[in-house]
Amino acid sequence: LSGFYSKDAILEEALHSGHYALFYLALFVALMTAFYMTRLFLLVFVTDPRNPEVYAHAHESPPSMVIPLGILAVLSVLSGFTFQHIIPIHKLLEMPQAAHAMSHAVQDVPHFHPWFVPGLSIVAAGTGILLGFLFYLEPVFSAEKVAETFRPVYHMLVEKYGFDEFY
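Computed from a predicted structure; not experimentally measured. (Residues numbered from 1 in each chain as written. Predicted model: local features only at pLDDT ≥ 70, side-chain atom pairs only at ≥ 80, totals over all residues. Heavy atoms only, no water.)

(A) Structural view of the overall build of the chain. The helix and strand tally for the chain stands at 10 helices and zero strands. Ordered by position from N to C terminus, the α and β elements of the chain give α-α-α-α-α-α-α-α-α-α. Taking all contacts inside the chain whose residues are at least 6 apart in sequence as the whole, residues at least 24 apart take part in 71%. About 13,300 Å² of surface is accessible on the chain, with carbon and sulfur atoms providing 71% of the total. (Helix = DSSP H or I, 4+ residues; strand = E, 2+ residues; numbered from the N terminus. Contact = heavy atoms within 4.5 Å. Areas by Shrake-Rupley, 256 points an atom, 1.4 Å probe, with all protein chains shown as cover.)

(B) Broad picture of a nonpolar patch on the surface. Taken together, the side chains of Tyr36, Met37, Leu40, Phe41, Val44, Phe45, Val46, Ile129, Phe133 and Leu137 define a hydrophobic patch exposed on the protein surface, amounting to about 920 Å² of accessible area. Within the residue set of the nonpolar patch, elements represented by two or more residues are helix H2 (20–46) and helix H7 (116–136). Sorting elements by how many residues they give to the nonpolar patch places H2 first, with seven residues. As for its position among the elements, Val44 is in helix H2. Judged by relative accessible area, which is 52%, Val44 ranks as exposed. (Patch = residues over 30% accessible without salt bridge, like charges linked within 9 Å, V, L, I, M, F, W, Y side chains within 5 Å. Salt bridge = Lys/Arg side-chain N within 4 Å of Asp/Glu carboxyl O. Buried < 20%, exposed > 50% of the residue type's maximum accessible area, 1.4 Å probe, protein only.)

(C) Geometry of H7. End to end, H7 covers 30 Å across 21 residues, agreeing with the expected 30 Å (1.5 Å per residue, within 8%). By the burial criterion, the buried members of H7 are Val117, Pro118, Ser121, Ala124, Gly128, Gly132, Phe135 and Tyr136. Down the axis of H7, the buried set is contained in an arc of 125°. They therefore lie on one face. Turned more than 90 degrees from where H7 packs its buried face, Ile122, Val123 and Leu130 sit exposed. (Expected span 1.5 Å × (residues − 1). Arc of directions from axis to C-beta.)

(D) Spatial organisation of the side chain of Thr38. Its location among the elements puts Thr38 in helix H2. Apart from residues no more than four positions distant in its own chain, Thr38 is found in contact with Gly128, Ile129, Gly132 and Phe133.

(E) Structural context of unusual backbone geometry. A positive phi angle is found at Lys160, which is not glycine, with a value near 55°. Mapped onto the elements of the fold, Lys160 is located in the loop between helix H9 (151–158) and helix H10 (163–166). We classify Lys160 as partly exposed; its relative accessible area is 44%. For Tyr161, which is not a glycine, the phi torsion comes out positive at approximately 60°.

(F) Structural view of the packing of H2 against H7. Here H2 crosses H7 at 35°, and the two axes come no closer than 7 Å. Crossing angle aside, the handedness with which H2 passes H7 is right-handed. (Axes fitted to C-alpha atoms, helices over the stretch in contact; angles between N-to-C directions. Left-handed = near helix turned anticlockwise from the far one by under 90°.)

And the structure:
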């Protein structure tokens, strides 16, 4: 079942091929994606605007921006439907049989229940969503306090790893 979904397919392949660090990293990324998307949804659609003055002067984008985006959206949807019927996505995710057998012959990895990886994926996503609500809808946690606690990491992320200064 999970071979049809790219995130679960990546998680399963990382786990079954013995790349445990990649597996846990991908699971953490799934949690963070759910957290960020929950944050985005809550800040845009549920909570009050942070700056009411800016919100009061907001307006729709001009047609010179909306029309090209609309065209791109329609083409994206059409190409998705077209390619889904020409080359099914699950065929792109399957490894050739010889390479698949060789990757599993190298290591004797434990076997997991078929729902183990999708279950962990759901738990990670649910945890991210719950954290998003606890940070942004009912502020049980404070983003400022977390940033203060992890000040070096926060500073590194705000400074974008020093890339701008290096460049």
